[in-house]
Amino acid sequence: MTEPKIKIWKFLKITVSSLLITALALFTAAAIRTLSLDVNVGLQLARWEKSNNISLVIDQHQREELLARFKEAVRIPTVSFSDTESNTTALRQFDSFLRKAFPKVFSSSLVHHELVANYSHLFRVQGSQPKLVPYLLLAHIDVVPAKESDGWEAPPFAAKEIDDFIYGRGTIDDKCSLMGILQALEYLLIRGYAPRRGFYIGLGHDEEARGFNGAMNIVRVMKERGVKLSFILDEGMAVVDGVISGLDGPAALIGISEKGSANVKLSVSMAPGHSSMPPRESSIGILAAAVKRLEDNPMPRLFGYGAERETFEHLAHKFGLPLKFIMSNLWLFSPLLGRVLERKPLTNAFVRTTTAVTMFNAGVKVNIIPSLAEAHVNLRIHSAHSLQEVLDFIQDTVGDERVKIELIDGFDPLPISSSDEQSFGFQIIKKTVLDMFPTLTVAPGICIGNTDSRHFKDLASDIYRFAPVWFKPGDVQRFHGINERISKKNYEELIVFYFNLIQNCDIQKLPEPHTSVHEL
Ligand SMILES: CCCCCCCC/C=C\CCCCCCCC(=O)N[C@@H](CC(C)C)C(=O)O
Ligand SMILES: [Zn+2]
Ligand SMILES: [Zn+2]
């Protein structure tokens, strides 16, 4: 499989002279604007409240036990096959497994547990200072289907260990977070920890089938109780290491929004007939032409108008020149960078609303002119676009009244969560990451897929999508793909991350910010 790296160094093929001419022309036109060399320099926190955090020391025996528990979780095939079909036997088995694996969590007087919609779980961990607004950690129990015959190196529900990695469906999506959160809480409770700030843990059972039963019912229960949250942390983004070429060192991308989505059905109906007397145009031909027009006319380039702009501005200082300069001045160069990023599917996803034709059905027999041809198009909506604008664009591009266009489901891009120095959730996550991995660059990111957290948007204005799962070159394809795996070390890091994060959330307020912007 081809590695979907950002071919940043293709920039080098852009001649220095053309770059300078463009820059100078635009610079003159925008003479009152100031060029910056690095917009991220000042974004560091000054001083944190002194804390007495317990540090997590894991001995060899505990290491073996925590890995055995994780493997057991992966071996339970909690597959969501579709919106209506899931493995309910496995979901019930998973419930029993959790109670056995984390006895302290299920027996502590500080923890209230309830089953929601039969298979989802909601935990409320009581804080000693009720004035501190609680937060929510989310993960999901279900996984997408996996077949060994697709090319897995190990059976997908065996949790086999190969070269210090555990292979299996759910190892990164999302049982590592689920088990990491509960294992961290188990360890904290064993050590006698009682949080100052209360928090919730929500484990949905049908995220891979849109979360309509699990997450949505957890939301309903929380709304009925009038819960308001300071922030939410769910799956989504990760630590990328060598995935963005030209970037010096690994980066933790904390998702501050996620793209919107739309599923649109296109259909053409005609009178059926004998294939010996074909009409000049068939339903298949008309529909195929419409689909081709959609593929040939991608949605407009919007790079720089959405939250993706912040990602590149934050990462700018980790690139060499000229990229550092370009990314630090996206007010000038975003059209240029957008053109480069659109060349690869992974980075194109950050540039525009994407259009994917995912299903095409027509015809029942070789000698019958088909009466109905149908195609499904899945669109992922850029944060500067709206669902309505996308539907209007499809209508204009198809431009054929014989093609019926129906919106099956869809939603706008999610609001953009705060990521400044006053942002409690973002800064707590950032501090927790940097305490563990001091050399990482932390930047806000956009989640190109959707997560259960979108159902919780009325409960918190700040939603983050992140876990410190390390993605190296080739790993992004393991997500919903073959050979999904996590290293034993990385799983242990996730436990430490949640263990520290929960304690870091106990601080009363963030330290005072300080800023400085270096200008040319
Ligand atoms: C600037 C380049 C940055 C590259 C970052 C790459 C990091 C990629 C890491 C993970 C891939 C994104 C996965 C996001 C989670 C998606 C979960 C999912 O599949 N959700 C479903 C939900 C649906 C409602 C069933 C979806 O289809 O989106
Ligand atoms: Zn997931
Ligand atoms: Zn998934």
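Residues numbered from 1 in each chain as written. Chains lettered and ligands numbered in written order. Predicted model: local features only at pLDDT ≥ 70, side-chain atom pairs only at ≥ 80, totals over all residues. Heavy atoms only, no water.

(A) Local environment of the coordination of the zinc ion (ligand 2). For the zinc ion (ligand 2), the protein coordination sphere consists of His140 (NE2), Asp173 (OD), Glu235 (OE) and Glu235 (OE), at 1.9 to 2.5 Å. For the zinc ion (ligand 2), the four donor atoms in the first shell make angles of 56 to 155 degrees at the metal, so the coordination geometry reads as irregular. When the donor residues of the zinc ion (ligand 2) are listed from N- to C-terminus, their spacing reads H-x32-D-x61-E. For the pair the zinc ion (ligand 2) and the zinc ion (ligand 3), the metal-to-metal distance amounts to 3.2 Å, and Asp173 bridges them. Here His140 is found in strand E5 (residues 135-140), whereas its partner Asp173 is found in the loop between strand E7 (165-167) and helix H5 (175-190), with 33 residues between them in sequence. The residues His140 and Asp173 share a single accessibility class, namely buried. (Donors = N, O, S within 2.8 Å, 3.2 Å for Na, K, Ca; no water. Tetrahedral: all angles 85-135°; square planar, octahedral: opposite > 155°, others 65-115°. Helix = DSSP H or I, 4+ residues; strand = E, 2+ residues; numbered from the N terminus. Buried < 20%, exposed > 50% of the residue type's maximum accessible area, 1.4 Å probe, protein only.)

(B) Quick peek at the UniProt feature "domain: Peptidase M20 dimerisation" (unreviewed entry) in the protein. In the numbering used here, UniProt assigns the feature "domain: Peptidase M20 dimerisation" (unreviewed entry) to residues 256-401. Each end of residues 256-401 is marked by a C-alpha atom, and these two atoms are 39 Å apart; helix forms 38% of the span and strand 25%. (UniProt positions renumbered as here; feature names shortened; annotations may be inferred.)

(C) Broad picture of the site of ligand 1. Taken together, 16 residues lie near ligand 1, and Arg380, Gly449, Asn450, Phe479 and His480 sit nearest. The separation between a nitrogen atom of ligand 1 and a polar main-chain atom of Asn450 is 2.7 Å. For ligand 1, the accessible surface in isolation is 750 Å², of which the surrounding protein chains cover 88%. Class assignment of the residues belonging to the shell around ligand 1 gives a composition of seven nonpolar, four polar and five charged. (Near = heavy atom within 4 Å. Polar contact = N/O pair within 3.5 Å; in protein donor to acceptor, adjacent residues only side chain to side chain. Areas by Shrake-Rupley, 256 points an atom, 1.4 Å probe, with all protein chains shown as cover. Nonpolar A, V, L, I, M, F, W, Y, C, P; charged D, E, K, R; others polar.)

(D) Examining a negative patch on the surface more closely. A contiguous patch of negative charge on the surface is contributed by Glu389, Asp392, Asp396 and Asp412. Asp396 gets classed as exposed once you look at its relative accessible area, which sits at 64%. (Patch = residues over 30% accessible without salt bridge, like charges linked within 9 Å, V, L, I, M, F, W, Y side chains within 5 Å. Salt bridge = Lys/Arg side-chain N within 4 Å of Asp/Glu carboxyl O. Lys, Arg positive; Asp, Glu negative; His and termini not counted. Charge placed at Lys NZ, Arg CZ, Asp CG, Glu CD.)

(E) Spatial organisation of the coordination of the zinc ion (ligand 3). Taken together, the protein ligands of the zinc ion (ligand 3) are Asp173 (OD), Glu208 (OE), Glu208 (OE) and His480 (NE2), with distances of 2.0 to 2.7 Å. One can describe the site at the zinc ion (ligand 3) as irregular: its four donor atoms subtend angles covering 52 to 147 degrees at the metal. For the zinc ion (ligand 3), the donor residues sit on a single chain with the sequence spacing D-x34-E-x271-H. With relative accessibility at 40%, the residue His480 sits in the partly exposed group.

(F) Just the packing of aromatic side chains, in detail. The tally for this structure, following the rule as stated, stands at 14 aromatic pairs. Residues Phe466 and Phe497 carry aromatic rings whose centres are separated by 5.9 Å and whose planes lie at 75 degrees to one another, so their mutual orientation is edge-to-face. Linking Phe466 in strand E18 (residues 463-471) with Phe497 in helix H14 (residues 488-504), this pair joins segments that are 31 residues apart in sequence. The buried category is assigned to Phe466, whose relative accessible area is 0%. Arranged with centres 5.1 Å apart and planes meeting at 75 degrees, the rings of Phe497 and Tyr498 form a pair that is edge-to-face. Three or more aromatic residues joined by ring pairs form one cluster here, namely Tyr135, Phe199, Phe231, Phe424, Phe426 and Tyr464. Above the face of the Phe165 ring, Arg485 is positioned so that its terminal group lies 3.8 Å from the ring centre. (Phe/Tyr/Trp six-rings, centres within 6.5 Å; stacked < 30°, edge-to-face > 60°. Lys NZ or Arg CZ within 6 Å of the ring centre and 35° of its normal.)

(G) Inspection of the sheet that holds strand E16 (residues 404-411) at higher detail. Strand order in the open sheet made by the four strands is E13-E15-E11-E16, with antiparallel pairing throughout. For this open sheet the edge positions go to strand E13 (354-362) and E16, each flanked by a neighbour on one side alone. Strand-to-strand twist of the sheet, defined as the mean angle between neighbouring strand axes without regard to direction, takes the value 20 degrees. Here strand E11 (residues 260-269) pairs with E16 via seven bridges, running antiparallel. Within the sheet, the bridge partner assigned to Ser267 lies in E16 and is Lys404. Against the sheet, helix H12 (residues 387-398) contacts E11, strand E15 (372-381) and E16, and its axis sits at roughly 160 degrees relative to E16. (Pairing = 2+ DSSP bridges. Axes fitted to C-alpha atoms, helices over the stretch in contact; angles between N-to-C directions. Contact = heavy atoms within 4.5 Å.)

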